[in-house]
Structures are given as C-alpha cells and as structure tokens.
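These are the residues of each chain, in order.
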Amino acid sequence: GENVEQHPSTLSVQEGDSAVIKCTYSDSASNYFPWYKQELGKRPQLIIDIRSNVGEKKDQRIAVTLNKTAKHFSLHITETQPEDSAVYFCGWGSNYKLTFGKGTLLTVNP
Amino acid sequence: GAGVSQSPSNKVTEKGKDVELRCDPISGHTALYWYRQSLGQGLEFLIYFQGNSAPDKSGLPSDRFSAERTGGSVSTLTIQRTQQEDSAVYLCASRRLADEQFFGPGTRLTVL
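Quick caveat, the model's predicted, so the values are computed rather than measured. (Residues numbered from 1 in each chain as written. Chains lettered and ligands numbered in written order. Predicted model: local features only at pLDDT ≥ 70, side-chain atom pairs only at ≥ 80, totals over all residues. Heavy atoms only, no water.)

**A closer look at the overall build of chain B**
When helices and strands are tallied, chain B shows zero helices and eleven strands. Reading chain B from its N terminus to its C terminus gives the helix and strand order β-β-β-β-β-β-β-β-β-β-β. Radius of gyration (C-alpha) of chain B: 13 Å, near the 13 Å computed for a compact globule of 112 residues. For chain B, the spread of C-alpha atoms along the three principal axes comes to 40 × 25 × 25 Å. Of all 112 residues assigned to chain B, the portion counted as buried reaches 46%. Nonlocal contacts in chain B, meaning residues at least 24 apart in sequence, comprise 52% of its contacts between residues at least 6 apart. About 5,300 Å² of surface is accessible on chain B, with carbon and sulfur atoms providing 47% of the total. (Helix = DSSP H or I, 4+ residues; strand = E, 2+ residues; numbered from the N terminus. Rg over C-alpha atoms; globule rule 2.2 N^0.38 Å. Buried < 20%, exposed > 50% of the residue type's maximum accessible area, 1.4 Å probe, protein only. Contact = heavy atoms within 4.5 Å. Areas by Shrake-Rupley, 256 points an atom, 1.4 Å probe, with all protein chains shown as cover.)

**Notes on the interface of chain B and chain A**
The interface of chain B with chain A comprises 20 residues on the first partner and 14 residues on the second. Buried area between chain B and chain A, summed over both chains or domains, comes out near 1,500 Å², and the portion from carbon and sulfur atoms is 51%. Applying the counting rule to chain B against chain A returns one salt bridge. Its salt-bridge partner being A:Lys97, residue B:Asp56 comes within 3.3 Å of it at the nearest N-O pair. At the junction of chain B and chain A, the tally comes to eight residue pairs in polar contact (both at pLDDT 80 or more). Elements supplying a minimum of two residues to the side of chain B that touches chain A: β4 (31–37), β5 (43–50) and β9 (88–95) of chain B. (Buried area = accessible area lost by both parts, 1.4 Å probe. Salt bridge = Lys/Arg side-chain N within 4 Å of Asp/Glu carboxyl O. Polar contact = N/O pair within 3.5 Å; in protein donor to acceptor, adjacent residues only side chain to side chain.)

**What to know about the nonpolar core**
Of all hydrophobic cores here, the largest spans 22 residues; its most connected members are A:Phe33, A:Trp35, A:Phe73, A:Leu75, A:Ile77, A:Tyr88 and A:Leu106. Elements with a minimum of two residues in this core: β2 (10–14), β3 (19–25), β4 (32–38), β5 (45–51), β7 (62–67), β8 (72–77), β9 (86–94) and β11 (104–109) of chain A. Apart from residues no more than four positions distant in its own chain, A:Phe73 is found in contact with A:Ile21, A:Lys22, A:Cys23, A:Tyr25, A:Phe33, A:Trp35, A:Thr65, A:Leu66, A:Cys90 and A:Gly91. By size, the runner-up hydrophobic cluster in this structure holds 19 residues, among which are B:Leu21, B:Ile26, B:Trp34 and B:Phe49. (Core = buried A, V, L, I, M, F, W, Y, C linked by side-chain atoms within 4.5 Å.)

**Remarks on the packing of aromatic side chains**
The tally for this structure, following the rule as stated, stands at 13 aromatic pairs over all chains. A centroid spacing of 4.9 Å and a plane angle of 55° characterise the contact between A:Phe33 and A:Phe73, whose relative ring orientation is tilted. Of this pair, A:Phe33 sits in strand β4 while A:Phe73 sits in strand β8, and the two are 40 residues apart along the sequence. Overall, the relative accessible area of 0% leaves A:Phe33 in the buried class. Relative to B:Phe103, the ring of A:Tyr36 lies with its centre 5.2 Å away and its plane at 85°, an arrangement referred to as edge-to-face. Here A:Tyr36 is found in strand β4, whereas its partner B:Phe103 is found in strand β10 (residues 102–103) on a different chain. (Phe/Tyr/Trp six-rings, centres within 6.5 Å; stacked < 30°, edge-to-face > 60°.)

Interpretation note: all reported values are geometric properties and have no functional meaning in isolation.
Set out below in structure tokens:
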C-alpha cells in the first residue's frame, strides 16, 4: 500500500535558524505534494504545495523541493520565528486522494 | 466566505453508545473527506465523497463506522457501539475540483 514517511518526528530550533522536514513516498503515480501546518487546537491549513512537474517552489520564508527520482520531498523554513511552532504534515496524492505523514512537531525557541 | 464547519466540537459518550458527527463543507465543494487524528498520529483517511457517492471507503476501520452525504453538501459520520479506541479528533475536509483540501475544526470524541 501507499506509504509516506516523515521525519524528524520532533524538531527544536533556535529563532532565526532554518528547519527542514523530509518526507518519502512509495507510489510513483503521486503528482501532488502539499504541506499543512496545524497549530495547537486548530485545524490543519495548507502552507505550500508542489506538483510533480515542478522541482522547487518558494513562498517567502517557506520552500518545498521535490526529487521525483528519489521519491522524496522536503519543507524548508528559513529565519524561523516562534509563530512557526506547530505540527507540520506532508501529504502526497494523485487524482482525488491524499495520504499524510505522521507529522513533525516543530518548536522554535526564542 | 464561510469555511468548513463541524458539529459538535466536543462529544463525550459512554462505551457502546452510537454517535453522529456532522460536517458542513464549503458551498460548491463537490469532494468531501473524513479523517481521524489520534494523539501522536497523522491524519488517517477514512472515507471520500464525490457528490453524494463514496467511491473510496477503504479507510473505515470497521463496520461500526459509516458515513453518508446528502444533497451534495452535509455529511454525517456515524460510529455505532463506540469503543474507547474510537476516541480521537475527527476532521472533515472539502475540496473543489483539483484545488487544496480545506479542513474543518474537527470534533473531539471521547469514549468513556
């Protein structure tokens, strides 16, 4: 079956440092890779996504890179701020369905 | 416009009782999803609706779980004879065409 592995499960950084979260997947048919941020007690919200015809996408301090050959994609957050503290989920999908990783708890220490 | 809404926000029930969870998707969103989020776990897919049809029910954990959607809008997730392991946050999401999934705030279910 389909599988997404996400790591690390927890990540603690100092404010201003960069954070990188990586996901690997097995289904080569997947063509859509979103990243969701879930703050404590809140709903998951999309922060960035990438499709399989693109290798990298950037939005201000957030970027996602995709390596289709190796079947992994990564979320990069630069100049981290305390408000970046949350759980981040990667997802992969094709057509209609998304499967999510188990999440990474990011803590940004002031 | 209004986002995805879910009710109730919290539900405490006794083992063996039935519960119904409701999801109101964003107007015009034809696709609707139910997920389960347990402590320390990711977003576990339960079921997907396209309109009123459910082409993918593969994530439902057992036959105690069922869901329906009427009028291409509201959906209810029903859990019969609840067990303690059913305790989790149940999230609903909706999507229009190939756009992103928008999540609701979830229903926190506690089975005593």
